[in-house]
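# Structural characterization, general
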Amino acid sequence: GAVVSQHPSRVICKSGTSVKIECRSLDFQATTMFWYRQFPKKSLMLMATSNEGSKATYEQGVEKDKFLINHASLTLSTLTVTSAHPEDSSFYICSARPSRTGSGYTFGSGTRLTVV
Amino acid sequence: AQSVTQPDIHITVSEGASLELRCNYSYGATPYLFWYVQSPGQGLQLLLKYFSGDTLVQGIKGFEAEFKRSQSSFNLRKPSVHWSDAAEYFCAVGAPGDSSYKLIFGSGTRLLVRP
C-alpha cells in the first residue's frame, strides 16, 4: 500500500534557528502533498497544499515566510520552520495523495517540534 | 467550502459493547468522506473511505460507516469494541470539485474503553 515517510519524528531546536521536516512518498508518486499542524488534544489544521513544481498554497492565517514549503519532486515535500519560536512547538503531519484519481490520502507519522 | 462536525468530544464504552461515532458534514454535493484513527504521538491511519456507490462502507479492524445523504452524516460503527480501539478518531471531508483535493478534519472524538 501507499506509504509516506516523515522525518524526523522528533526535533528540539533553539529559538531563532530553522528546522526542516521531510515528507516522502515511498512507493507512489504524489502530485499533491499537504501539511497539517496539530495542537495538543486538538484536530488537524491544514497549513498548506504543496504541489509538485509550483508554489504552495497556504491557508488563511498561515505565514508563508515562516513556513517554507518546497515540493521539488513527485516523492518529496519539505516544510522548513524558519526563525522558530516556542509558539511554533507543535505536532506537524504531512499527507500525500497519489497522482491517480479516486485514491485516498496517506499520512506520515508526524514530527514533534519543540522550540526551546 | 466543506466543513465537518464531530459532536462528541469523547465517548466511553465498555469492552465488547457496540460503538457509534457521529460525523456530520456540510457540502453542496456528495463529498469524499474518510475516517482516520490516531494513537497518541502517532500519525493517522485510514479506517475507511467513501467516494461513491454503496453507502455502507467496510473498513479495517472491523469498522464500518454509513453515508446518509438525507442526514449529511457518515457515522462510524463497530459491533464489538476492543481495548486496543482506544484512540482519537477523526472524520474528514474532501470536495470532489475542488482541484486542491484538500481534506478538512473534524475536531475528533476520543474513545475510551472500559475493561
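Further up the page is the structure itself.
Now for a description of the structure that goes with this document. It should be emphasised that the depicted structure is a prediction, and the values quoted were computed from it without experimental measurement.

Residue and element names in this part refer to chain B. Tracing the chain through its elements places Ile9 in the loop between strand E1 (3-5) and strand E2 (10-14). C-alpha separation for the pair Ile9 and Leu21, spaced twelve residues apart in sequence, amounts to 10 Å. Once you skip the residues sitting within four places of it in the chain, Ile9 turns out to touch Gly108, Thr109 and Arg110.

Taken together, the contacts link 17 residues of chain B with 20 residues of chain A. Taken together, the connections running from chain B to chain A amount to one salt bridge. Across the salt bridge formed by Glu59(A) and Lys102(B), the nearest N and O atoms sit 3.2 Å from each other. Sorting elements by how many residues they give to the side of chain B that touches chain A places strand E5 (residues 32-38) of chain B first, with three residues. Considering only residue class, the side of chain B that touches chain A consists of eight nonpolar, seven polar and two charged.

Below, the discussion takes up unusual backbone geometry. Omega for the bond connecting His7(A) with Pro8(A) falls within 30 degrees of zero, at 0°, which places this linkage in the cis form. Locating Pro8(A) in the fold gives a position in the loop between strand E1 (4-7) and strand E2 (10-13). With a phi angle near 45°, Ser83(A) is a residue other than glycine that sits in the positive phi range. Mapped onto the fold, Ser83(A) is located in the loop between strand E8 (76-81) and strand E9 (90-98). With a relative accessible area of 35%, Ser83(A) lands in the partly exposed category. Located in the positive-phi region is Ser72(B), a residue other than glycine, with phi close to 50°. Residue classification places Ser72(B) among the partly exposed positions, given a relative accessible area of 25%.

For the rest of this paragraph, the subject is the side chain of Ser90(A). Mapped onto the secondary structure, Ser90(A) falls in strand E9. Judged by relative accessible area, Ser90(A) falls into the buried class, the value being 3%.

Using the criterion set out here, one finds two disulfides over all chains in the structure. Covalent S-S linkage joins Cys23(A) and Cys94(A), the inter-sulfur distance amounting to 2.1 Å. The S-S bond linking Cys23(A) to Cys94(A) shows a torsion near 80°; that makes this disulfide right-handed. Remark: Cys94(A) occurs in strand E9 and Cys23(A) occurs in strand E3 (residues 19-25); sequence separation between them is 71 residues. Exposure remark for Cys23(A): the relative accessible area of 0% places this residue in the buried category. In this model, Cys23(B) is linked to Cys91(B) through a disulfide, with the two sulfur atoms separated by 1.9 Å. Disulfide Cys23(B)-Cys91(B): the torsion about the S-S bond is -60°, which places it as left-handed. On the criterion of sequence distance, the pair formed by Cys23(B) in the loop between strand E3 (19-21) and strand E4 (24-26) and Cys91(B) in strand E10 (residues 87-94) is long-range, its members being 68 residues apart. The two residues Cys23(B) and Cys91(B) agree in class, both being buried.

Basis of the calculations
Residues numbered from 1 in each chain as written. Chains lettered and ligands numbered in written order. Predicted model: local features only at pLDDT ≥ 70, side-chain atom pairs only at ≥ 80, totals over all residues. Heavy atoms only, no water. Helix = DSSP H or I, 4+ residues; strand = E, 2+ residues; numbered from the N terminus. Contact = heavy atoms within 4.5 Å. Salt bridge = Lys/Arg side-chain N within 4 Å of Asp/Glu carboxyl O. Nonpolar A, V, L, I, M, F, W, Y, C, P; charged D, E, K, R; others polar. Buried < 20%, exposed > 50% of the residue type's maximum accessible area, 1.4 Å probe, protein only. Disulfide = S-S within 2.5 Å.

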